[in-house]
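The primary structure of each chain is shown beneath.
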Amino acid sequence: MYQMLSLLIENISNFMYSYLLIIMLLAVGLYFTVRTKFVQFRYFKEAIRLVSEKKNGENSVSAFEALMVSTASRVGTGNVVGVANAIAIGGYGAVFWMWVIALVGGATAFVESTLAQVYKKRDKDGGCYGGPAYYIEAAMGGKRWLGIVFSIALIATYAGGFNMLCSYNLITSLSGYDFYGDPETSLVPVICGSLLAVLVGICIFGGGKRIVKVTGVMVPVMGVSYIVIALIFMVLNIGLIPEVIKNIFVSAFDFKAIFGGFAGSALMQGIKRGLYSNEAGVGSAPNASAAADVSHPAKQGMVQMLSVFIDTILVCTATAMMCLSSGIVPSKELTGAPFVQTALATKFGNFGFYFITIALLLFAFTTLIGNLFYCDGCINYIANKKASKKTLLIFRVGACLLIFAGALMDFGMVWNLADVLMGIMTIINLPIIMILGKTALDVLKDYSEQKKAGKDPQFKAAAIGLKGKTDFWN
């Protein structure tokens, strides 16, 4: 029964990414790239400046804190294990297609996060909240059913698929150690899965504000450390870098290989892992974006573009270059964390194994709690009010149990399940942001005009014909 279910999920995943998402992601990303006049490049410097803007209220979330929550979810085990898998299965060219998804996805990330800001709601403490469910409701003329479907899909994806995958990825990094023993009988997954579930539980039972504080400290530290180690490794292997870059571009356009076995091709693997890693268009980051206290929706849209850049162009590329410049030839026999650990060990010895394990622990922990931050908002949306403490208690206990379950699952099932659930969210979110695209474009135009006039942009809904149609901005 388990094998049949695993095969079914694998077939659904291959169909979604072979025929639906590859077209939708690139089409929507290119459309918004052109319509925003390449906002991800034009306003990159401005986005960096906006990160340092201060929040106004004591109970509100700053642009930087919202960026760290979304980056905590984006920058996770997928940046290490997912990239290694993509290269092992799809070859060098997978890296190029991850870059493409990130570069065009920056415009998509801008639009969805800007819309989350436009349609956000005010809470009783003076802060704000929102996300795709709320702008989906606006696009549907006030009807909530599709927003509820999306919220259920998000909860299943992040509390289920992604968190189980995150737990699994962390446990696989331990498989190269002697104490792990025989994979068939080892108790390491049970023990470590239990500890991870307990640690996450301690954090999430403190609520959303504690999640924001924890990720705000841990994300910058772990991200910078990882990139520094990658740069040192690349310098030590500088002679191989030109050949690696050449192979990335040559392999990316090996169309005979792509169409000969599409499911395992560089194109398919790059798009799958690129989407899983940076989540542009999935509809996850807008949940964090809506909580930010900014004077103009476009500001948070621009800040979220940075998260895509940090995730894929920096962290994913760091993993790819460590694997590819190590001299180890990519193969399907060496995947995931062991691939990265073995690569690092070529120059750093045992330190390479220890470092990746520690990095995955930090990546996993912040991803797990960042993912559950998103789920809290969706539970509130489904309830059409602030969910009761009992409801949140049941959800959080269930979420911790799923983290434990993920540590015990197998490679194919856990990755394909995460891909399918993520795909469902994306299929709902992309058409909606296309419907509301003009609103985001009008917001960007308003921001640009105020900047040209030498002002610090302040948004009013009436400026784009939405007076009285939003909870804020009136």
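Note that the structure is predicted; figures quoted are calculated from it, not measured. Here the residue numbers are simple positions, counted from 1 along each chain's written sequence. In keeping with the predicted nature of the model, local features appear solely for residues at pLDDT of at least 70, side-chain atom pairs appear and are counted solely at 80 or more, and the whole-chain, interface and lining totals rest on all residues. Side-chain descriptors were evaluated using all non-hydrogen atoms of the structure, hydrogens and water having been removed beforehand.

Before we move on, could you go through the nonpolar core and cite the residues and values that matter?
In terms of nonpolar packing, the biggest core is built from 133 residues, with Y135, Y226, I248 and M302 touching the most fellow members. Numbering goes from the N terminus for both helices and strands, where a helix is a DSSP run of H or I of at least four residues and a strand is a run of E of at least two. No other element matches the 15 residues that helix α17 (residues 350-383) contributes to this core. For I248, the contacting residues outside a window of four places in its chain are Y92, G93, V95, F96, W99, M321 and L324. We define a nonpolar core as any set of buried Ala, Val, Leu, Ile, Met, Phe, Trp, Tyr and Cys residues linked to one another through side-chain atoms lying within 4.5 Å. A 1.4 Å probe rolled over the protein chains alone gives each residue an accessible area, and that area as a share of the maximum for its type sets the label: buried under 20%, exposed over 50%, partly exposed in between. With six residues, the next largest nonpolar core counts I171, Y177, Y180 and V188 among its residues. Only heavy atoms enter the contact rule, under which two residues are in contact if any of them lie within 4.5 Å.

I'd like to hear about the pattern of salt bridges, residue by residue, with values.
By salt bridge we mean one thing: a side-chain nitrogen of Lys or Arg within 4 Å of a carboxyl oxygen of Asp or Glu. Tallied over the entire structure, the rule returns six salt bridges. The residue D442 makes a salt bridge to K438 at a minimum N-O spacing of 2.9 Å. Residue D442 and its partner K438 are both found in helix α20 (residues 437-452); the two are separated by four residues, about one turn of the helix. On the accessibility criterion, D442 (21% relative accessible area) is partly exposed.

An account of the confidence of the model for the protein is requested, with residue identities and associated values reported.
Per residue, pLDDT measures the predictor's confidence, with a range of 0 to 100. Across the protein, the average pLDDT comes to 81, with 85% of residues at 70 or higher. Within the protein, the lowest mean pLDDT, 49, falls on helix α12 (residues 255-260), and the highest, 94, falls on α20. Throughout residues 257-264 the model reports pLDDT below 50, and contacts reaching past four residues in sequence, or to other chains, amount to 15 contacts.

Go over the packing of helix α8 (residues 145-172) against helix α9 (residues 188-204) with me, naming the residues and quoting the values.
Where α8 meets α9, the axes come as close as 10 Å, and the angle between the chain directions of the two elements is 130°. Judged by the angle between their axes, α8 and α9 are oblique. The handedness of the crossing between α8 and α9 comes out as right-handed. Residues S167, L170 and I171 of α8 pack against P189, C192, G193 and L196 of α9. Between N-to-C directions, angles span 0 to 180 degrees; the directions come from axes that are lines fitted to C-alpha atoms, helices contributing only their stretch in contact. Should an angle fall under 35 degrees it is called roughly parallel, over 145 degrees roughly antiparallel, and 65 to 115 degrees roughly perpendicular, with every other angle called oblique. If you view the pair so one helix is near and one far, a crossing is left-handed when the near helix is turned anticlockwise from the far one by less than a right angle, and right-handed when it is turned clockwise.

Tell me what's going on with a nonpolar patch on the surface, and back it up with residues and numbers.
Here, patches come from residues exposed beyond 30% relative accessible area and free of salt bridges, joined within 9 Å for like charges and within 5 Å for nonpolar side chains (Val, Leu, Ile, Met, Phe, Trp, Tyr). All accessibility values rest on the Shrake-Rupley procedure with a 1.4 Å probe; residue burial counts only the protein chains present in the view. A surface patch of nonpolar side chains, amounting to about 470 Å² of accessible area, comprises L187, V190, I191, L195 and L408. Tracing the chain through its elements places L195 in helix α9.

Could you give me a rundown of the packing of aromatic side chains, with the residues and numbers involved?
To pair, rings of Phe, Tyr and Trp, with the six-membered ring standing in for Trp, must have centres within 6.5 Å; the planes then decide the type, stacked if under 30 degrees apart, edge-to-face if over 60, and tilted in the middle. Evaluation of the coordinates by the stated rule reveals 16 aromatic pairs. Site record: aromatic cluster; members linked through ring pairs are Y226, F233, F348, F351 and F355. Distance and angle both matter: a charge sits over a ring if NZ of Lys or CZ of Arg is within 6 Å of the ring centre and within 35 degrees of the ring normal. In this structure, K120 is placed above the aromatic ring of F472, and the distance from its NZ or CZ to the ring centre is 4.6 Å. A cation sits over an aromatic face here: R122 above F472, 3.9 Å from the ring centre.

Which residues make up α9, and what values go with them?
Take the number of residues in a helix, subtract one, and multiply by 1.5 Å to get its expected span. An ideal rise of 1.5 Å per residue puts 24 Å on 17 residues; α9 measures up with 24 Å between its terminal C-alpha atoms. By the burial criterion, the buried members of α9 are V188, P189, G193, L196, A197, V200, G201, C203 and I204.

Which residues make up unusual backbone geometry, and what are the values?
Even without being a glycine, F38 presents a positive backbone phi close to 60°. The backbone of W473 sits at a positive phi, close to 70°, despite the residue not being glycine. Mapped onto the elements, W473 comes out in the segment after α20. A residue is classified by how much of its surface remains accessible, and W473, at 11% relative accessible area, is buried.

Lay out the state of the cysteines in plain terms, naming residues and giving numbers.
A covalent bond between the sulfur atoms of two cysteines is what we call a disulfide. We call a pair of cysteine sulfur atoms a disulfide when they lie within 2.5 Å. By the definition in use, this model includes zero disulfides. C378 forms no disulfide, and the closest cysteine sulfur to it belongs to C375, at a distance of 6.7 Å.

Talk me through the environment of D123; I want residue IDs and the actual numbers.
Relative to the elements of secondary structure, D123 occurs in the loop between β1 (121-122) and β2 (128-129). Residue classification places D123 among the partly exposed residues on the basis of a relative accessible area of 25%. Separated by 263 residues in the primary sequence, D123 and K386 have C-alpha atoms spaced 9.4 Å apart.

Outline the side chain of D446, supporting the account with residue identities and numerical values.
Following the sequence through the fold, D446 ends up in helix α20. Although buried, D446 forms no salt bridge, and the nearest oppositely charged side chain, K455, lies 8.4 Å from it. Within 3.5 Å is the distance limit for a polar contact, defined as a pair of N or O atoms, with the added protein rule that one can donate a hydrogen and the other accept it, and that residues adjacent in sequence qualify only through two side-chain atoms. Among the polar contacts listed, one links the side chain of D446 to the side chain of H296, at a separation of 2.8 Å. Sequence-distant contacts of D446, that is, excluding residues within four places in its chain, are made with H296, Q458, F459 and A463. By the counting rule applied here, Lys and Arg register as positive and Asp and Glu as negative, while His and the ends of each chain are not counted.

Just give me the short version of helix α6 (residues 93-118), but keep the residues and values in it.
Helix length check: α6 (26 residues) gives 38 Å between terminal C-alpha atoms against 38 Å at 1.5 Å per residue, within 8%. Note that the bend at a residue is defined as the angle between axes fitted to the seven residues ending at it and the seven residues starting at it. Of all bends in α6, the biggest is about 40°, found at G105. Counted residue by residue, α6 has 25 buried out of 26 residues, so it is predominantly covered.

Quick one: what's the story with the environment of V250, residue by residue and with numbers?
Structurally, V250 is set in helix α11 (residues 241-252). Look at V250 and you get exposed, because its relative accessible area is 52%. When the C-alpha positions of V250 and F96 are compared, they lie 9.6 Å apart, and in sequence the two are 154 residues distant.

For the side chain of S325, give the residues involved together with the corresponding values.
Of note, S325 is situated in the loop between α15 (297-324) and α16 (336-348). You can call S325 buried: its relative accessible area is 0%. At 2.5 Å, the side chain of S325 forms a polar contact with the backbone oxygen of M321. Setting aside chain neighbours within four positions, we find S325 in contact with F233, N237, L240, I241 and V244.

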